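The primary structure of each chain is shown beneath.
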Amino acid sequence: MDRLHAMKTFVTVVESGGFTAAARKLDVSLSVVSRVITELESHLGVRLLTRTTRVVRPTDTGAAYLENCKRILGEIEEAELAAAGMHAAPRGNLVVTAPVLFGARHVTPIVVEYLQRYPEVDAQCLLLDRNVNLIDEGVDVGVRIGDLANSSLQAIPVGRVRRVVCAAPAYLERHGVPRTPDDLLGHTLIQTTGVSTMAEWRFLEQGEPRHLRFTPRLATSTNDSAIAAAVAGLGVARALSYQVAGELWDGQLRVVLADYEPPPLPIHLIHREGRHAMQKVRAFLDLAIDRLRADKSLN
């Protein structure tokens, strides 16, 4: 059994989400992929994959083995690039994920600069308002806003953001400035929400958590539209500080209840490569860390 070939096949099966997709990607028959994985599991004496009719996922052992395979294969690629005199030039395909609005405003410009620097790299941006599983979806680098769950991923802090309550100055002149969270119940409230008709904003009052539940006058599925409604003077909205940095700067919105804000949320870059990250990932991380930490709206 060719171990490197088996490792590449295993990684491709996991990242492609199944045997059929992996066979297409590797340009071999389905039976070849199945045979390689069976021989690999037999050689190791463990089950690496859980197979169902709908999905193929790594077992706990398989997930750990996957990371080791990716590290080994990455180091081999790095060694080959170094031997060919190309170590300073990242190449390949880089996949980055981030929340929609954060990605559009902060990540995409970094990706553009990165691609302009390194013409041998292609990139894919997954801008989604959900936590993408880096391993299952083949993502190299992600942005997380908020406290991180324990995991094997590497996390690099790059900033923090506040949860701010804001409204247009004209609205506040007409309806008054709320002085406490309870005052909000007498105002028109705008909420970015899902299918629920109820909303909840969390505050910190005299050091204790305070939850305000309400039915918004306007419930919308995107942050952009909630912010636009607040700018138009409809009512009071809540957003992350980076989402309204421009509107606050030019005076279209004004922060209220700042003394009741909960602690800021951390921003991290996360990746799964460990200390032995491939050159394409290291180069992107170096650029992103520098740009995000220098951004005043994120710090």
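Up top you'll find the structure we're talking about.
Let us look at the structure shown here. Please read all numbers here as calculations on a predicted model, not as lab measurements.

1. Description of the overall build of the chain
For the chain, the helix and strand inventory stands at nine helices and 14 strands. Considering only C-alpha atoms, the chain reaches an extent of 75 × 45 × 35 Å along its principal axes. When each of the 299 residues of the chain is scored for burial, the buried share is 44%. If you take every contact in the chain between residues at least 6 apart in sequence, the share linking residues at least 24 apart comes to 73%. If you sum the accessible surface of the chain, you get close to 15700 Å²; carbon and sulfur atoms cover 50% of it. Taking the 34 positively charged and 34 negatively charged side chains of the chain as two groups, their mean positions are separated by 2 Å.

2. Digging into the pattern of salt bridges
Scanning all chains against the criterion turns up 16 salt bridges. Of the charged contacts in the structure, one is a salt bridge between R35 and E39, with a shortest N-O distance of 3.5 Å. One end of the pair, R35, and the other, E39, are both in helix α3 (residues 30-44), four residues apart, so they sit about a helical turn from each other. Among the residues examined, R35 registers a relative accessible area of 43% and is labelled partly exposed. R291 serves as the salt-bridge partner of D290, at 2.4 Å between the closest nitrogen and oxygen. Owing to a relative accessible area of 31%, R291 belongs among the partly exposed residues under this scheme.

3. With respect to the side chain of Q191
If you trace the backbone, Q191 turns up in strand β8 (residues 189-192). Given a relative accessible area of 13%, Q191 falls into the buried group. There is a polar contact of 2.6 Å between the side chain of Q191 and the side chain of W201. Residue contacts for Q191: discarding those within four places in its chain leaves A199, W201, F214, P216, L218, A219 and T220.

4. Quick word on the sheet that holds strand β14 (residues 265-271)
Ordered by their spatial adjacency, five strands build an open sheet running β4-β3-β5-β14-β6, and the pairing between neighbours is mixed. Single-partner strands in this sheet number two, and they are β4 (121-127) and β6 (154-161). Here the strands of the sheet are splayed against their neighbours by 20 degrees on average, with no regard to which way each runs. Pairing of strand β5 (residues 141-145) with β14 involves five bridges; the strand directions are antiparallel. When the sheet's bridge partners are listed, G142 is paired in β14 with I270. Seen against the sheet, helix α5 (residues 100-117) touches β3 (92-98), β4, β5 and β14 and runs at an angle of roughly 180 degrees to β4. In this fold helix α9 (residues 279-293) packs onto β3, β5, β6 and β14, with an angle of close to 20 degrees to the strand it touches most, β6.

5. A short note on empty space enclosed by the protein
On inspection of all chains with the given rule, the structure shows two cavities of 30 Å³ or more. Roughly 40 Å³ of volume is contained in the largest cavity. Taken together, V96, V107, I110, V141, G142, V143, L269, F284, A288 and L292 make up the full set of residues lining the largest cavity. Mapped by element, the contributors of at least two residues to the lining of the largest cavity are α5, β5 and α9. Of the residues belonging to the lining of the largest cavity, the class tally is nine nonpolar, one polar and no charged.

6. Regarding the packing of helix α2 (residues 19-26) against α3
Where α2 meets α3, the axes come as close as 8 Å, and the angle between the chain directions of the two elements is 110 degrees. Between α2 and α3, the angle falls in the class roughly perpendicular. Contacts between α2 and α3 involve F19, T20, A23 and L26 from the first element and L30, V33, S34 and I37 from the second. Here the contact of α2 with α3 is composed, by residue class, of six nonpolar, two polar and no charged.

About the criteria used
Residues numbered from 1 in each chain as written. Predicted model: local features only at pLDDT ≥ 70, side-chain atom pairs only at ≥ 80, totals over all residues. Heavy atoms only, no water. Helix = DSSP H or I, 4+ residues; strand = E, 2+ residues; numbered from the N terminus. Buried < 20%, exposed > 50% of the residue type's maximum accessible area, 1.4 Å probe, protein only. Contact = heavy atoms within 4.5 Å. Areas by Shrake-Rupley, 256 points an atom, 1.4 Å probe, with all protein chains shown as cover. Lys, Arg positive; Asp, Glu negative; His and termini not counted. Charge placed at Lys NZ, Arg CZ, Asp CG, Glu CD. Salt bridge = Lys/Arg side-chain N within 4 Å of Asp/Glu carboxyl O. Polar contact = N/O pair within 3.5 Å; in protein donor to acceptor, adjacent residues only side chain to side chain. Pairing = 2+ DSSP bridges. Axes fitted to C-alpha atoms, helices over the stretch in contact; angles between N-to-C directions. 1 Å grid on protein atoms, 1.4 Å probe; cavity = no way out; pocket = protein on both sides within 12 Å on 5 of 7 lines; lining within 4 Å. Points joined across faces, edges and corners; volume = space filled by probe spheres on them. Nonpolar A, V, L, I, M, F, W, Y, C, P; charged D, E, K, R; others polar. Parallel < 35°, antiparallel > 145°, perpendicular 65-115°, else oblique.

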